[in-house]
Every structure is written in structure tokens, then in C-alpha cells.
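# Fold and geometry: a report
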2 protein chains.
Amino acid sequence: MRITALAGGVGGARFLRGLRRHLDSRDDGPHDLTIIANTGDDITLFGLRVSPDVDTLLYTLGGGIHEGQGWGRADETFALQGELAAYGVEPQWFGLGDRDLGTHVARSMWLAQGQSPSQVTERLAARWGLPEQRVQLLPMTDAFVETHVVVEQDDQQQAVHFQEWWIRMQAAVPAQRFVVAGLDRASAAPGVLDAIRSADVVLLPPSNPVVSIGIILLVPGVRDALRGTSAPVVGVSPIVGGGPVRGHADACLKALDVEVSPSGVASLYRDFLDGWLVDPADAASFSGPAALTVRDLPLLMKDAASTDAIAAAALDLALTLRA
Amino acid sequence: MRITALAGGVGGARFLRGLRRHLDSRDDGPHDLTIIANTGDDITLFGLRVSPDVDTLLYTLGGGIHEGQGWGRADETFALQGELAAYGVEPQWFGLGDRDLGTHVARSMWLAQGQSPSQVTERLAARWGLPEQRVQLLPMTDAFVETHVVVEQDDQQQAVHFQEWWIRMQAAVPAQRFVVAGLDRASAAPGVLDAIRSADVVLLPPSNPVVSIGIILLVPGVRDALRGTSAPVVGVSPIVGGGPVRGHADACLKALDVEVSPSGVASLYRDFLDGWLVDPADAASFSGPAALTVRDLPLLMKDAASTDAIAAAALDLALTLRA
């Protein structure tokens, strides 16, 4: 089976690790998993290129993630950034650990040598053992794109980098809209559109529907590929019981005037979504098109077992729809 | 008093820290110390610009040096470079600690922003408190220069970066000659020539006479400034008892067919050297021009007291020559 997933950071990575475990536990394998990662979050800090969603996927699937916080490296130290602070170098609101910085230094060096983000991601993924897991991790595009957030500050509209809004402002300043710099000149990275078109199953993990999956959908060709693929497209609601499981998806949805609910999120995917998992807490209030097949099960990824069960349910729904 | 010194790394830095302490202990102060640092050792590693002699001077004078090894930072960790190794990134023979890398990341970022090495060094020095010590640290040039070493390998002449010869090869492969890439297009950094011309005293610490001080002497204008300055020029022999106090100065001198002795080193400085400190072990065998004033005292910088005594003797000799 060839499964393709679109993913952001923490939630997507945890879901996909569960999916990978579930796939390995099945007796009809081996199965291939292609992950198309959001790179709109990418940011240049201290002259180094940081790709937070790609890194979270690498570390989570490769066994190097800080399990407690969901991002960054386990057993991390922060000596280097402390030195930058001593030199008066800003910003300091984005925490970059020494181990994590190893990834950014390698990425930046390879990019400077002329390698594409796809090629760099492949080299990084090799170290984390993704090929051996039959996982292919693709950045959504090889173009330099960055999500910026338009906010009102001091009675003026200002665009700030997504990370500044997300981390420094904690998404507490209302987003007027999101602007993805560079996306008009972008094209999908090699393999991305084909991975959607030729998949047996397409899954949308419970990643942020606006600033993670929503950004991938803006890459030219991706949305058309999702509309056109013969594979069933099944998603997992990132909204449970009226709020996001994690992060600031509510603030993102509000900026788009979309209801903070599984119904609201599903409406963003309405032109290609075939199946949708919602939490029992939201099942009664859910409303969507008749053609959308909805299943409910607990969607909190509390531990490996609950995460694997959600991944298994998403895959099962897709296989049912495919049959 | 305005004192100007030319310096390489460990030996020069330790001598100059002693000189700074001695100057502060005198009752005829305050005195200004300008240090012209060799940048021929500079190397780009992992896309980051490393300036070993400048950094050793910063850390030693600023109180951040690893006292035992003489270079690098105290309380250092090596998490980042370990990650690079895990990603298969070479070379690994040059040890870059996490704290040390903070300097290289800051330097590289500022250089990429268009600041000159002089400007970058000034920013770095501010953090290490050099201005408060009345110490000005100047790179010898703002041009991109690199010392390369011509060696014979596999019956072929090859040029390798100085650091590769010095560290990876431990200078065990005979150097045929030294080539300073970029030096023909270089000019002295702002303030360098004036610091020599207008100094009251010029000192040459016991730095490597070939690949540290010798490289600074190759910067256009520096040697002429030393010949022309009215200040006495006094040096400290880096050779004691027939060998270098530290490092591979013997291998460097042999490449130039210069005797590994205080006499040999003084011959490299003969057109501008006024005073010369040699160790008692070398006093009897020393031969040099009659115009050169030679003093002998123990030249091993074993501790702060012996280091300060050497610095004080160099300054005293200069002041005697000046009177």
C-alpha cells in the first residue's frame, strides 16, 4: 500500500509515528508512507535555516524527539544560544538547542552548497533511519516560502513571521490574515504531486488546518491533485470539544472566519475530503456534506496506544471508502 | 603609553594577558594596548567562519578560555559537532565546542550581513570586556586570507589549509612552503598601520614567527610600518632550549631553512627588531647583529607570575631602548 500524508509539526508527527507503528503491525505489508511536510514555518535565525515541521517529523519518526514538549531534541542543551545572547544577538524567543542546531548547521551548509531542500531533507532523513522505515519525507516545495501573519499593532497593520506570532506573541494578537511569501513563485517539490495522485490512501493528520495543512494546500497543484486522486482522502479533526488539541488552531480559524469545530475544519477540505474522524464529544453537533463519511472515536493522542488506534481508524475508514 | 603588539594564538594571548596585568600594576598608567591578530589561520568549517587566533585572544583576555589547553572555551560541550558527525558531515578533526560555535555563528551572521572582520571583531570584543581593559583587538586585514601549506603527498605537491596541516597532520608532513591565499589583494585593516607607526612601544610576543607573526608581516604595509616606526620593537623568543615552547614552530622554521633557535627567529625580524628576549639556556649560543639589544631571562610561561615577569621584562627593555 502507498499511503501519502500531509503534515505539520507535533500533532502530525505523533499521528504519523502511530500510523507507522500500525502499518508495521499489519500482516499485509510492507507499506510505504510518503509525508509531505509544511515548510511555510521555515525561518532563518542567526543565519541558519530552520525548518521546524520537517525537523519535528524527523526527530519524532527517528527517535530523537523531546517527548515531553513534542518538538526539539531529547537531552538538549542550550550553550550556543546562550553565547549568542551574551553577544547581544536577537531574537532569543525561539529556543534552539545545541543538538537541534546541528541539524540547522548541516541544512544551511548543504543549502549554501546548492542542494535543494528536497535533497537536504533526504540527507537528514537518512541519518534518522526513515528509508529503513519505508518513510519518504518531502518538503512541500523547494522554493523559499515563509508564512507571515498580518496583525494590527499600534494602529498599524504589520506582517510578522509566523514563528514570531506563534511563539513570541503566543497567537494572542489577532491574526488579520496569513500571507505566504514566495508561494506565488513556488512549485511543488519533486514527487509531491505524484505522491498524492498515485497514492492508495491519502491521510490528513490532526495538523493545523490553516497554517500547516492549509499552507501545503496553497502550493500550486496540490489541491488539484487531492481533488483528482483516485485515493480516498481521510482526515482527523484537530479540533476536539470546541478547541484545538494543541497549539493555536482556534486563533488561525478565527482569522479565516471559520468555525472552530470539526465542521469548520472539514469545510476547508470540502472539495476533496472523503472521510473524517471526529471525537465523540463533537459527533452530535457535526454537520457536513452528505457525501462525507464521518466516524467518531476518541481523538486525544494520550499515549502510543490511543495514537495508534486513531491512525488505524483513519486508515480503516480510507480502506472502507476505497473498497 | 600606547603599546602595540602583533600576535598569534595561545602563546601570544597568554603573553598579552600577562602584559595587561603588568600594565595595570604600574603606577604610570593608564596604558592602551592594541593587538594586531593573525587571521591567516581562519577557516570556514560547516559554513561558519572560524578565526582561531582572534578567538583565542578574545577568550584569554576576556576570561573565557580553557586554561588547560590554551584554546577553546572553558566548560565546553560538543553536542553540535556530534550531531554533524551523525549526519556524516566532515571534517571532524577540528574540534568546535558548543560555546565556541556561538562565536562562529555570530561572526558568520554579521559577516553575511556585510560587516567587516574589523567590525565583527569589535562587536565580539565588546562582550569580552576588552574596551574596559583598554585593549583594542584588530584583525591584521579585512580581506579574506587563508594560509595554505604546500606538502608532498603521494609524490605530488598539494596545498592543504594551514589548520589541516597543523591539527590533522600535526605538522608531521614536512611543509615545502606556505602560501597565503588572498594576501596579494589584501590591505591592512583600519588602524593597523597607524597602531604600529604611532605606538610608543611595539612588542612581538612569543608567537609562531612563521605562521602567526610571519603572516602579519606579509600584509602590505606592515613590515614597512615596523621599519619606519619611532617606537622600539622588542620581541620574545618563541624558541627555548632548541625547540618551540609550544606548537610546531620548528617545522615551520625548517620549511623556511631557518635555524630553530632564537638567532634564527631574530634573523626573520632583523630589519626592524631593536630588542630581543632569549632564555638563559640560549644566551650563550645566541648570535645576532650588534645593534640588537639582547636580554636573557626564563621564558617559560609556567604561571601568571612567570608570564607577567616576561611581559614586564619585554616592556622594560623597550622603555630602556626608547630612553
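An account of the accompanying structure is given in this report. (Residues numbered from 1 in each chain as written. Chains lettered and ligands numbered in written order. Predicted model: local features only at pLDDT ≥ 70, side-chain atom pairs only at ≥ 80, totals over all residues.)

Our focus in this paragraph is the sheet that holds strand β6 (residues 146-153) of chain B. Residues and elements named next belong to chain B. One open sheet accounts for three strands, arranged β7-β6-β8; its pairing is antiparallel. Every interior strand has two partners, whereas the edge strands, β7 (156-161) and β8 (175-181), have only one. The sheet shows a mean angle of 30° between the axes of neighbouring strands, direction not considered. (Pairing = 2+ DSSP bridges. Helix = DSSP H or I, 4+ residues; strand = E, 2+ residues; numbered from the N terminus. Axes fitted to C-alpha atoms, helices over the stretch in contact; angles between N-to-C directions.)

A few words on the relation of the copies chain A and chain B. With an RMSD of 0.0 Å, the fit of chain A onto chain B corresponds to turning through 180° and sliding 0.0 Å along the axis. On this basis, the relationship between the two copies can be described by a two-fold rotation axis. Residue A:D98, judged by its C-alpha, is the member of chain A lying nearest the rotation axis, at 3.3 Å. Here 100% of the interface residues in chain A have copies in chain B that are interface residues too; the copies meet face to matching face. (Least-squares fit on C-alpha atoms with pLDDT ≥ 70 in both. Contact = placed C-beta atoms within 7 Å.)

Residues A:I35, A:A314, B:I35 and B:A314 are the most contacted members of the largest nonpolar core, which totals 200 residues. Not counting chain neighbours up to four residues away, the residues in contact with A:A314 comprise A:L203, A:V234, A:V236 and A:L277. (Core = buried A, V, L, I, M, F, W, Y, C linked by C-beta atoms within 7 Å. Buried ≥ 20, exposed ≤ 12 C-beta atoms within 10 Å, placed from the backbone.)

Looking now at the interface of chain A and chain B. On the chain B side, the residues contacting the 22 residues of chain A number 22 residues. Every element with two or more residues in the side of chain A that touches chain B is listed here: α3 (79-86), α4 (98-112) and α5 (117-127) of chain A. If one sorts the elements of the side of chain A that touches chain B by residue count, α4(A) sits on top with ten residues. Split by residue class, the side of chain A that touches chain B holds 13 nonpolar, five polar and four charged. (Nonpolar A, V, L, I, M, F, W, Y, C, P; charged D, E, K, R; others polar.)

Looking now at the sheet that holds strand β14 (residues 293-296) of chain B. All names here are of chain B. With parallel pairing, the seven strands of this open sheet are ordered in space as β5-β2-β1-β9-β10-β13-β14. For this open sheet the edge positions go to β5 (135-139) and β14, each flanked by a neighbour on one side alone. Strand-to-strand, the axes of this sheet are offset by a mean angle of 20°, without reference to chain direction. Looking at chain direction, strand β1 (residues 2-7) and strand β2 (residues 32-37) are connected through six bridges and run parallel. The partner of L6 across the bridge, within β2, is I36. This element, helix α2 (residues 52-62), spans β1, β2 and β5 of the sheet and lies at about 170° to β5. Its contacts with the sheet place helix α13 (residues 304-322) against β9 (201-204), β10 (233-236), β13 (275-278) and β14, and it is angled at close to 150° to β13.

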